Amino acid sequence: MRQRMNVIMCLAALAVAPAAAAYDLNLAVGADFSGDFDAGNISVSADTGYTLGLELAFKIPVIEAGVGLEYGFSRGAQDFDIEASYYQLYGIGRFYIGPAYIAGRYGYSDVSFSEAFDGGSNGGSWGFGGGVELLGKLKVELLFSSLGSDLNYEGWSLRLLYTF
C-alpha cells in the first residue's frame, strides 16, 4: 500500500509539471553523517557515507517541486561487520524565503545490507531540512532523513546541488 501511495504522489507531481514555468535538472552530491542503523532494540552508529542523486524539479512562484532518485554508496558500521547501501525514489518540495528555503521529501527506499548481515529493508523514506540557493545554479542543503522500515537508516545529510 505504501509503495502504491509513493508512486501516486510522484505521478501527481509530474501531472502538475506542465503548468510550471521552468524545469530544473539538479545533480546532487552529498555526505551522510551522524547516521544510525536501527533494528528495533539495537542501534548501531554508521560511518560517514556518500550519495549521488538526480532531481527533476519545476518552479511555481515561491515553491519548487519535483521527483528525485538518490543512491547512497556502501558504508560500514562502527564495531560491527556490516556494509549497507541504499537507493531512494522521492518527491521533493522546497518553500523559498528569499535565497533560503525549507525542504521536505517523501518517497520509497531500499536499504541493502552486506552478506554478513543477511537481509535488507524497503519501505517509506522521508526527509526534512533546509538550504540556501547561491548564484541561481548552486544549492547547499542540510536534511535529516529516515530510510527503510524494519531495518532502517537515519542520519543527517549535507548535499550540494548543481542546477543544469
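Residues numbered from 1 in each chain as written. Predicted model: local features only at pLDDT ≥ 70, side-chain atom pairs only at ≥ 80, totals over all residues. Heavy atoms only, no water.

Peer 1: Quick one: what's the story with the nonpolar core, residue by residue and with numbers?
Peer 2: Phe37, Val44, Ala46, Ala77, Ile82, Ala84, Tyr86, Val111, Phe113, Leu147 and Tyr153 form the largest nonpolar core, which has 11 residues in total. Residue assignment for this core shows that the elements contributing at least two residues are strand 5 (80–97) and strand 6 (100–113). Among the elements that line this core, the one with the most residues is strand 5, at three residues. (Core = buried A, V, L, I, M, F, W, Y, C linked by side-chain atoms within 4.5 Å. Buried < 20%, exposed > 50% of the residue type's maximum accessible area, 1.4 Å probe, protein only. Helix = DSSP H or I, 4+ residues; strand = E, 2+ residues; numbered from the N terminus.)

Peer 1: Describe unusual backbone geometry, naming the residues involved and giving the relevant values.
Peer 2: What you tend to see is this: most non-glycine residues have negative phi, and most peptide bonds are trans. A positive phi angle, near 75 degrees, is found at valine 62, a position not held by glycine. Of the residues examined, valine 62 reaches a relative accessible area of 45% and is grouped as partly exposed. Residues other than glycine seldom take positive phi values, yet leucine 135 does so here, at roughly 55 degrees. Checked against the element boundaries, leucine 135 lands in the loop between strand 7 (120–134) and strand 8 (138–147). The exposure class of leucine 135 is exposed, given its relative accessible area of 85%.

Peer 1: Quick one: what's the story with the side chain of arginine 105, residue by residue and with numbers?
Peer 2: By secondary structure assignment, the location of arginine 105 is in strand 6. Given a relative accessible area of 5%, arginine 105 falls into the buried group. Polar side-chain contacts of arginine 105 include one of 3.3 Å to the side chain of glutamate 70. Beyond its immediate chain neighbours, meaning those up to four positions away, arginine 105 contacts Glu70, Gln88, Tyr90, Gly91, Ile92, Ser125, Trp126, Gly127, Leu143, Ser145 and Arg159. (Polar contact = N/O pair within 3.5 Å; in protein donor to acceptor, adjacent residues only side chain to side chain. Contact = heavy atoms within 4.5 Å.)

Peer 1: Hey, could you go over the packing of aromatic side chains for me, with residue numbers and the actual values?
Peer 2: Counted under the stated rule, the structure contains five aromatic pairs. Three or more aromatic residues joined by ring pairs form one cluster here, namely Trp126, Phe144 and Trp156. Sitting over the face of the ring of tyrosine 90, arginine 105 holds its NZ or CZ atom 4.5 Å from the ring centroid. (Phe/Tyr/Trp six-rings, centres within 6.5 Å; stacked < 30°, edge-to-face > 60°. Lys NZ or Arg CZ within 6 Å of the ring centre and 35° of its normal.)

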